[in-house]
Amino acid sequence: MSKPIKILSVFGTRPEAIKFFPLVHALDADDRFDSRVCVSGQHRGMLDQVLEIAGIVPHHDLDLMQPDQTLDALTANLLTGIGRVLDEEKPDWVIVQGDTATAMSGALAAYYRKIPVAHVEAGLRSGNIHHPWPEEVNRKIVGSFAALHFAPTETAANALRREAIDPASIHVTGNTVIDALHWITGEIAKKPDLAGDLADLEQRFTGKRIIGVTSHRRENFGGGMEAIAEAIRRIAARDDVAMIFPVHLNPNVRKVMNAELDGLENVALIEPLDYPHFARLLDICTLMLTDSGGVQEEAPALGKPVLVMRETTERPEGVEAGTAKLVGTDADVIVRECNHLLDNEAAYSAMSKAHNPFGDGKSVARIVEALAGG
Ligand code: UD1
Ligand code: UDP
């Protein structure tokens with residue numbers, strides 16, 4: 001048998017870990033690959049939650065997170081830290097996912113060593129370098145030199161073709177987050193206790209419709225976050241709803257949300273949920289109010305409408321399919337659109353029954369075959 005292809009998977013935040021773990025599982029189980037994992041630790045607690053559930057023990061952990069880290073200090077540490085791992089491992093390929101500082105720096109460090117880069121979740125574009133910020137530029141940087149582009153949808157693939165990327169290097173795979181969601185749903189079915197800790201809240205909110213909330217976008221810090229908090233407070237004034245809001249560990253999010261929402265009867269501000277419990281929240285909620293990227297892809301897989309608290313989205317497929325609606329960060333608009341979905345059965349039903357365009361749960365198999373052939 002020929003020598004296995006040595007692959008270094010590089011990631012560091014919660015969403016990357018969720019979208020990466022099914023791929024790491026597959027590479028580990030496949031003799032054609034020598035699979036190595038480097039985590040940057042750009043996130044600490046929220047990354048570790050995923051690693052533990054997925055049973056991944058990284059070969060390298062750079063443990064880089066600093067409280068309230070700045071983009072430049074983070075990026076500088078990532079570039080040199082990942083560079084050192086590349087010099088030690090000398091992989092045949094580096095894989096990165098999405099558009100975080102870790103993905104961009106990992107790819108750049110590989111490029112500096114002329115190691116080919118495979119980009120998972122390639123081709124997402126909002127067309128606005130300030131929304132999402134800095135992710136739109138991060139992913140364009142990776143896309144400008146990646147040797148393999150795993151586009152989740154045809155729309156994303158077309159965005160790459162428009163940038164004159166070699167069409168032979170683009171593979172439409174679906175988004176690995178759907179593979180991850182299928183895996184975790186299967187685990188919960190086998191071991192329901194994995195997602196049992198929301199029982200007290202479910203009990204407390206019996207008879208109310210649950211709205212799941214997440215918010216963390218850097219471009220929303222300041223006025224945007226305050227408007228989101230105001231909208232949540234106004235929606236929670238209804239006595240037929242309850243909001244469950246696992247608050248991101250970023251201090252810029254926590255200080256606003258704790259100051260504005262703590263102690264409200266119908267709002268549960270809780271710590272970030274591990275993945276099985278977040279899947280449970282997706283399952284029990286009526287709808288999601290979020291500025292997250294990943295949640296826009298997951299919630300429709302469970303038939304849950306998503307109101308996206310952003311000015312623009314790099315995931316237009318959801319809006320086009322009718323699973324998601326952009327509501328921006330104006331409190332009046334968020335409240336109006338949320339009430340509309342809660343009070344209008346036809347509108348709700350149309351969104352909840354729309355087809356999820358983000359994948360069929362078989363993305364990892366497609367990526368693995370492309371890597372084996374590449
Ligand atoms: C990062 C990504 C963003 C992604 C988001 C997912 C960049 C530039 N941003 O943004 O693309 O959508 O993750 O959540 O790569 N913190 C903790 N513990 C944790 C995680 C974060 O305490 O487990 C706090 C720390 O104070 C940290 C801060 O949050 O400094 C910000 O983390 P950072 O990764 O820089 O930014 P995010 O807003 O999380
Ligand atoms: N998520 C989670 N626990 C939470 C909130 C979110 O496990 O308390 C998961 C969610 O299922 C999704 C991912 O985290 O897969 C999204 O991460 P985030 O919103 O932080 O980042 P983004 O997707 O916007 O980059």
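Residues numbered from 1 in each chain as written. Chains lettered and ligands numbered in written order. Predicted model: local features only at pLDDT ≥ 70, side-chain atom pairs only at ≥ 80, totals over all residues. Heavy atoms only, no water.

1. Comments concerning the nonpolar core
Inference 1: Counting residues in hydrophobic clusters, the biggest one holds 38 residues, and the most contacted among them are F11, L23, I95 and L371.
Inference 2: With 7 residues, helix α1 (residues 14-28) is the single largest residue contributor to this core.
Inference 3: For L23, the contacting residues outside a window of four places in its chain are I95, V120, V364, I367 and V368.
Inference 4: I235, V241, L261 and L287 belong to the second-largest nonpolar core, a separate cluster that totals 31 residues. (Core = buried A, V, L, I, M, F, W, Y, C linked by side-chain atoms within 4.5 Å. Buried < 20%, exposed > 50% of the residue type's maximum accessible area, 1.4 Å probe, protein only. Helix = DSSP H or I, 4+ residues; strand = E, 2+ residues; numbered from the N terminus. Contact = heavy atoms within 4.5 Å.)

2. Re the site of ligand 2
Inference 1: Taken together, 13 residues surround ligand 2, and among them L273, S292, G293, G294 and E298 come closest.
Inference 2: Measuring from an oxygen atom of ligand 2, one finds a side-chain N or O atom of S292 at 2.7 Å.
Inference 3: Between ligand 2 and the protein, one listed contact pairs an oxygen atom with a backbone N or O atom of G294 at 2.7 Å.
Inference 4: Burial of ligand 2 by the surrounding chains reaches 94%, relative to a free accessible area of 530 Å².
Inference 5: At the level of elements, α1, α11 (275-284) and α12 (294-298) are the ones that each hand at least two residues to the shell around ligand 2.
Inference 6: A per-element tally of the shell around ligand 2 places α1 first, with 3 residues.
Inference 7: Classifying every residue of the shell around ligand 2 gives 7 nonpolar, 4 polar and 2 charged. (Near = heavy atom within 4 Å. Polar contact = N/O pair within 3.5 Å; in protein donor to acceptor, adjacent residues only side chain to side chain. Areas by Shrake-Rupley, 256 points an atom, 1.4 Å probe, with all protein chains shown as cover. Nonpolar A, V, L, I, M, F, W, Y, C, P; charged D, E, K, R; others polar.)

3. A short note on the site of ligand 1
Inference 1: The immediate surroundings of ligand 1 are formed by 24 residues, with H43, Q66, A101, E135 and R218 found nearest.
Inference 2: Within the backbone of R44, one N or O atom sits 3.2 Å away from an oxygen atom of ligand 1.
Inference 3: The contact in question runs from an oxygen atom of ligand 1 to an N or O atom on the backbone of G45, over 3.1 Å.
Inference 4: For ligand 1, whose accessible area on its own is 740 Å², the fraction buried by protein is 93%.
Inference 5: Residues of the shell around ligand 1, tallied by class, amount to 9 nonpolar, 10 polar and 5 charged.

4. What to know about the pattern of salt bridges
Inference 1: By the definition in use, this model includes 35 salt bridges.
Inference 2: Linking E230 and R234 is a salt bridge whose minimum nitrogen-to-oxygen distance equals 2.9 Å. Highlighted residues: E230 and R234, both in helix α9 (residues 223-235), separated by 4 residues, approximately one helical turn.
Inference 3: Exposure remark for E230: the relative accessible area of 37% places this residue in the partly exposed category.
Inference 4: Measuring nitrogen to oxygen at the nearest pair gives 2.6 Å for the salt bridge that ties R366 to D360.
Inference 5: We classify R366 as partly exposed; its relative accessible area is 34%.
Inference 6: Taking relative accessible area as the criterion, D360 reaches 36% and is therefore assigned partly exposed. (Salt bridge = Lys/Arg side-chain N within 4 Å of Asp/Glu carboxyl O.)

5. Let's talk about the pairing of strand β4 (residues 93-97)
Inference 1: In terms of residue burial, β4 counts as a mostly covered element, since 5 of its 5 residues are buried.
Inference 2: Burial along β4 is two-sided: W93, I95 and Q97 facing one way and V94 and V96 facing the other are all buried.
Inference 3: Bridging between strand β1 (residues 5-11) and β4 involves 3 bridges; their strand directions are parallel. The residue of β4 that forms the bridge with S9 is I95.
Inference 4: Bridge count between β4 and strand β5 (residues 117-120): 4 bridges; the pairing is parallel. When the sheet's bridge partners are listed, V94 is paired in β5 with V117.
Inference 5: Each parallel crossover has a hand, and the one from β4 via helix α4 (residues 101-112) to β5 is right-handed. (Pairing = 2+ DSSP bridges. Right-handed = clockwise from strand over helix to strand, strands pointing away.)

6. Examining the packing of aromatic side chains
Inference 1: Inspection of the entire model under this criterion finds 5 aromatic pairs.
Inference 2: For the pair F21 and Y275, a centre-to-centre distance of 6.3 Å together with 75° between the ring planes defines the contact as edge-to-face. With F21 in helix α1 and Y275 in helix α11, this pair connects stretches of sequence that are 254 residues apart. Y275 shares its class with F21; the two are buried.
Inference 3: A connected cluster of aromatic rings, assembled from ring pairs, spans F21, W183 and Y275. (Phe/Tyr/Trp six-rings, centres within 6.5 Å; stacked < 30°, edge-to-face > 60°.)

7. Description of the side chain of T176
Inference 1: Following the sequence through the fold, T176 ends up in helix α7 (residues 176-190).
Inference 2: Taking the relative accessible area as the measure of exposure, T176 reaches 2% and is therefore buried.
Inference 3: Those residues in contact with T176 that sit more than four places away from it in its chain are K19, P22, V120, S363, V364 and I367.

8. Let's talk about the sheet that holds strand β3 (residues 60-61)
Inference 1: The strand order across the open sheet built from 7 strands is β3-β2-β1-β4-β5-β6-β7, with neighbouring strands paired in parallel fashion. Sheet topology places β3 and β7 (170-172) at the edges, where each strand pairs with a single neighbour.
Inference 2: Sheet strands touched by helix α3 (residues 71-89): β1, β2 (33-39), β3 and β4. Its angle to β1, the strand with the most contacts, is close to 165°.
Inference 3: This element, helix α5 (residues 135-145), spans β4, β5 and β6 (148-151) of the sheet and lies at about 135° to β5. (Axes fitted to C-alpha atoms, helices over the stretch in contact; angles between N-to-C directions.)

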